[in-house]
Amino acid sequence: MPALLRRILLAAPTQSGGEDEDEPNAPPGHQIRDDKVAQVTGSTVETTEATKDAGDNLKEKMMEQLKKLPIPVWASITIAIVAILLLLCIVYCCFKRICAKKKKKDQKKGLKGAVDLKALDTEELAENMEDNEDAESKKSEVNLGKLQFTIDYDFQKQELTIGVVQATELPGMDMSGTSDPYVKVYLMPEKKKKFETKVHRKTLNPVFNESFVFKGLPYSDITSKTLTFSIYDFDRFSRHDQIGEVSIPLNSIDLGRTIDEWRDVTPPAGDKEGEKLGDVCFSLRYVPTAGKLTIVILEAKNLKKMDVGGLSDPYVKLSLMLNGKRIKKKKTSIKKCTLNPYYNESFTFEVPFEQIQKVQLVVCVVDYDRIGTSEPIGKAVLGCNATGTELRHWSDMLASPRRPIAQWHVLKDPEDGKPS
């Protein structure tokens, strides 16, 4: 018995110790896994710490390099930010441009695919072509407007009274889409006696209400003449453009009654070369206090050919007239062998203020001839008793004292019955 108890007591601590030492006696697989996890965790921690150390070292090096630069640190940072922003802007612009090109290509593709030529009907195409031709032919017939006028002949006085009432739907000749129309009235074929209406500014429907009288016209002579209304667009600095005309043969109407009619304005018949005398441009300036009239002859163009070689030797002669008598005269230099002379020569006349409304200025272009007598090409007569563009130029000069007023003038026949 004692021996048996002794064995039991000796065996008890060994079992209890075996139960307490379960972990050391665990299976070998579990122990290997725990060792691997521990190694991975340790290496991760070491890697993170190494990365942090490397980043800190890089920052320290960058700061040291920035401190070595001759500019402050904040300035370097600002420059870096601006550079980044510029780079972003360039990238954005390039991206936008590429997108725009793609859109254009897509639009072109859409347009190319929008029309299916095979699906079109040939009959419809032919009809459309005919319609287009009709439209073009209608466009070629330009509407130049209409003119209202009156004609009244007095058999006893042998006077023909012409009234220019109004015009409508005239075409726009200026850049603004309007015109500055006026009307010239004359009898063909002589075309010597002319009348002009006033200029109406910036309108396509001018109302004139002006009358003109042709005197000394026997009935036997009047039937061989043609009454012509020529409508012009006024232009101060260039040749006046003719809008159109209305011609009435006087033998085709009843002169025994007063005629009041509307007529369509027709395209102007081309002027004959022999009737073109040319144009002259000059400026007028009057100073009332000093009593000085200054004329600057600028240039002339498209002068009539006077010499055998098809050219001329033009100069300009200025005559100041008072009560039909020439009181002063001046002339420019002679320009050899040209139909478009340029002068830019200035002349001054002393004209007291009380005489400025009584004098006339005659500007005559003359062809110089060394052997024979010099022959006048054409002239323009200005003054308070003048008409048309000459009267307007003179009036503008008086209305704007001390300021030069330049204008082009169409040369008229030097044998027009006016003083020269």
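Quick caveat, the model's predicted, so the values are computed rather than measured.

For the coordinates displayed, the defined rule picks out 7 aromatic pairs. Relative to Tyr219, the ring of Tyr153 has its centre 6.3 Å away and its plane inclined at 45 degrees; by these criteria the two rings are tilted. Here Tyr153 is found in strand 1 (residues 146-154), whereas its partner Tyr219 is found in helix 5 (residues 219-222), with 66 residues between them in sequence. Judged by its relative accessible area of 6%, Tyr153 falls in the buried class. Relative accessible area serves as the criterion here: at 43%, Tyr219 is assigned to the partly exposed category. The rings of Tyr153, Phe155 and Tyr219 are connected pair by pair, giving a single aromatic cluster. Between the NZ or CZ atom of Lys184 and the centre of the ring of Tyr232, over which it lies, the distance is 4.6 Å.

Among the surface-exposed residues, Ile77, Ile81, Ile84, Leu85 and Leu88 lie close enough to one another that they form a single nonpolar patch of about 480 Å² accessible area. When you line up the elements, Ile84 lands in helix 3 (residues 73-112).

If you check the backbone angles, Asn209 has positive phi at about 55 degrees while not being a glycine. With respect to the helices and strands, Asn209 occurs in strand 5 (residues 207-214). Phi angles above zero are rare outside glycine, and Asn302 is one such case at about 55 degrees. Note on placement: Asn302 falls in the loop between strand 10 (292-301) and strand 11 (314-322).

End to end, helix 6 (residues 388-399) covers 17 Å across 12 residues, agreeing with the expected 16 Å (1.5 Å per residue, within 8%). Taken together, the buried positions of helix 6 are Gly388, Thr389, Glu390, Arg392, His393, Trp394 and Met397.

What counts, and at which threshold
Residues numbered from 1 in each chain as written. Predicted model: local features only at pLDDT ≥ 70, side-chain atom pairs only at ≥ 80, totals over all residues. Heavy atoms only, no water. Phe/Tyr/Trp six-rings, centres within 6.5 Å; stacked < 30°, edge-to-face > 60°. Helix = DSSP H or I, 4+ residues; strand = E, 2+ residues; numbered from the N terminus. Buried < 20%, exposed > 50% of the residue type's maximum accessible area, 1.4 Å probe, protein only. Lys NZ or Arg CZ within 6 Å of the ring centre and 35° of its normal. Patch = residues over 30% accessible without salt bridge, like charges linked within 9 Å, V, L, I, M, F, W, Y side chains within 5 Å. Areas by Shrake-Rupley, 256 points an atom, 1.4 Å probe, with all protein chains shown as cover. Salt bridge = Lys/Arg side-chain N within 4 Å of Asp/Glu carboxyl O. Expected span 1.5 Å × (residues − 1).

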